Amino acid sequence: LFGAVDMAPRDPILGITEAYNADKNPNKVNLGVGVYYDDNGKVPLLECVRKAEAQLLEKAAPRTYLPIDGLAAYDKAVQELVFGADSAVVQEKRAITVQAIGGTGALKIGADFLKRFAPDSQVWISDPSWENHRALFESAGFVVNSYPYYDPATRGVNFAGMLGALQSMPAGSIVLLHACCHNPTGADLTDEQWKQVIEVVTGRGLIPFLDMAYQGFGDGIDADGRVVRQFAQAGGPLFVSNSFSKSFSLYGERVGALSIVAASTEEAARVLSQLKRVVRTNYSNPPLHGGQVVATALATPELRALWEEELAAMRVRIREMRQALVAKLKAKVPNQNFDFVITQRGMFSYSGLTKAQVERLRNEYSVYAVDTGRICVAALNSKNIDYVVDAIAKVL
Ligand code: PLP
Ligand code: TYF
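Given the structure is predicted, the values throughout are model-derived calculations rather than measurements. (Residues numbered from 1 in each chain as written. Chains lettered and ligands numbered in written order. Predicted model: local features only at pLDDT ≥ 70, side-chain atom pairs only at ≥ 80, totals over all residues.)

**Q** Tell me about the site of ligand 2, and name the residues and values.
**A** Looking at ligand 2, the residues that line it are D11, I13, L14, V33, G34, W130, N132 and N183. For the shell around ligand 2, the residue count by class is 4 nonpolar, 3 polar and 1 charged. Of the residues that make up the shell around ligand 2, three or more belong to each of domain 1 (2-44 + 304-395) and domain 2 (65-299). (Near = placed C-beta within 6 Å. Nonpolar A, V, L, I, M, F, W, Y, C, P; charged D, E, K, R; others polar. Domains from an automatic or database assignment.)

Structure follows, in structure tokens:
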């Protein structure tokens, strides 16, 4: 049996962390994986999480199974966060939300559901996109295509290309969109561009699947969620995967959710019943702890306020690192313009570094970036930024 098993390729991003971990250089910096580190280079345990966990510990509740669709309080809190408590889709009970195993799990149950009910549709992802998008939808059985997105010349979005592709996809195509903080480029659409995208997607009967893994890292919780609400208002079916890995710094707890908007309460109930079937045949029901933590934090006013403060602090620190990176690079490499780093949103910057330059950064300086030139700005801090800027200046 195993003689015929060949070696699978490594995940291009998680593989970088393996190499980084093995590196003995004390100055090493991991700008590869999309994880937020604080100014001391540590992954934070948020105070709102610590307090929610203290409350849960105090209760010492038994660890029974959760329902197939997850903790009800969690699903409700997520739905209100994603769509707004007073939104029509929530009020009219047209949105259903299922707790999922991280954002990745949400994408996968959404993909499996879609394969069952839209088996002949094809999937379209941005060029480039998060590496796992293609693999996830292909493993659900879909043909995955890409639509133009990034324009290296402007270091922004090739909007004409994107819109043109949307206008020529067959009706029923599944379009994966990053709701905010595009991974890997950091280049987001403007409000006006989103308006046009929503018009084309709903007008042409495409199926939008919004992936929101970085809510709160762009311009704020509400501002980053606006696109989801606009899609929900526009009508038509809608899929939204969201993740608390980054926004609650709960990476390993695997907390995410899939929400689907249907045309009526009755339709939503049928959709939920089928989605539960997908969950049941994959992992039966989701884990308890992370969902409880997030539900407690979101539903307890003082913990909710604390979370918003802590998330804002992460967002602000990343912005400061963007500013510092640009200022320091300008001083060292005066003939190049790095202002685009400030405009980019979220954790990442598509830096424009070539594969050869990324290799030199790794081999000569132990600074780890993704081969595409993506760097995680959230891994920079006041102690490592000068070292990183020196290294980048040398390879440029
Ligand atoms: N979608 C995007 C765009 C991401 O960058 C990530 C990052 O991890 C995910 C989904 C997956 O989220 P999770 O780690 O919660 O599975
Ligand atoms: O893009 C990133 O770095 C994050 C983390 O297979 C990640 O989204 C990367 C690769 C992967 C899972 C998570």
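More follows now that the structure is in view.
**Q** Tell me about helix α6 (residues 131-139), residues and numbers included.
**A** All of the buried residues along α6 are H133, L136 and F137. The buried residues of α6 occupy an angular sector of 90° when projected down its axis, which confines them to one face. Of the residues in α6, the exposed ones pointing more than 90 degrees away from the buried face are A135 and S139. Directly beyond the C-terminal end of α6, a positive phi value near 105° is found at G141. (Buried ≥ 20, exposed ≤ 12 C-beta atoms within 10 Å, placed from the backbone. Helix = DSSP H or I, 4+ residues; strand = E, 2+ residues; numbered from the N terminus. Arc of directions from axis to C-beta.)

**Q** Please provide a residue-by-residue account of the site of ligand 1, values included.
**A** Around ligand 1 lies a shell formed by G34, G102, G103, T104, W130, H178, N183, D211, A213, S243, S245 and G256. Here the shell around ligand 1 gets 3 residues from one element, more than from any other, and that element is helix α5 (residues 102-117). Looking at the shell around ligand 1, its residues break down into 2 nonpolar, 9 polar and 1 charged.

**Q** Residues and numbers for the UniProt feature "domain: Aminotransferase class I/classII large" (unreviewed entry) in the protein, please.
**A** Under the UniProt annotation, "domain: Aminotransferase class I/classII large" (unreviewed entry) lies at residues 27-392. The span residues 27-392 is 48% helix and 15% strand, and its two end C-alpha atoms sit 14 Å from each other. (UniProt positions renumbered as here; feature names shortened; annotations may be inferred.)

**Q** Could you give an account of the packing of helix α12 (residues 301-332) against helix α15 (residues 385-395), with specific residues and numbers?
**A** What describes two packed helices is the angle between their axes and the distance between those same axes. Running from N to C, α12 and α15 cross one another at 45°; their axes reach a closest spacing of 10 Å. Viewed along their axes, α12 and α15 adopt a mutual orientation that is oblique. Taken as a pair, α12 and α15 cross one another with a handedness that is right-handed. Contacts between α12 and α15 pair M321, A324, L325, K328, L329 and K332 from the former with I385, D386, V389, I392 and A393 from the latter. Classifying every residue of the contact of α12 with α15 by side-chain character gives 8 nonpolar, no polar and 3 charged. (Axes fitted to C-alpha atoms, helices over the stretch in contact; angles between N-to-C directions. Parallel < 35°, antiparallel > 145°, perpendicular 65-115°, else oblique. Left-handed = near helix turned anticlockwise from the far one by under 90°. Contact = placed C-beta atoms within 7 Å.)

**Q** Tell me about the nonpolar core, and please be specific about residues and values.
**A** The biggest cluster of nonpolar side chains holds 117 residues, and the ones touching the most others in it are V175, L210, V228, M347 and V377. At 8 residues, α12 tops the list of elements feeding residues into this core. In terms of domain composition, this core takes at least three residues from each of domain 1 (2-44 + 304-395) and domain 2 (65-299). Those residues in contact with V377, other than ones at most four positions away along the chain, are I318, M321, R322, L325, M347, F348 and S349. (Core = buried A, V, L, I, M, F, W, Y, C linked by C-beta atoms within 7 Å.)

**Q** Before we move on, could you go through unusual backbone geometry and cite the residues and values that matter?
**A** Note that the residue after D127, namely P128, is joined by a cis bond; omega there is 0°. Tracing the backbone through its elements, the reader meets P128 in the loop between β3 (123-127) and α6. Following N183, the chain continues to P184 via a peptide bond in cis, the omega torsion being 20°. Checked against the element boundaries, P184 lands in the loop between β7 (174-178) and α8 (191-203). Positive phi outside glycine occurs at A60, with the angle close to 45°. Locating A60 in the fold gives a position in the loop between α2 (47-59) and α3 (72-83). Notably, C181 is not glycine yet its phi reads approximately 55°, a positive angle. On the secondary structure map, C181 appears in the loop between β7 and α8. Residue C181 is classed as buried on the basis of its C-beta count, with 27 C-beta atoms lying within 10 Å.

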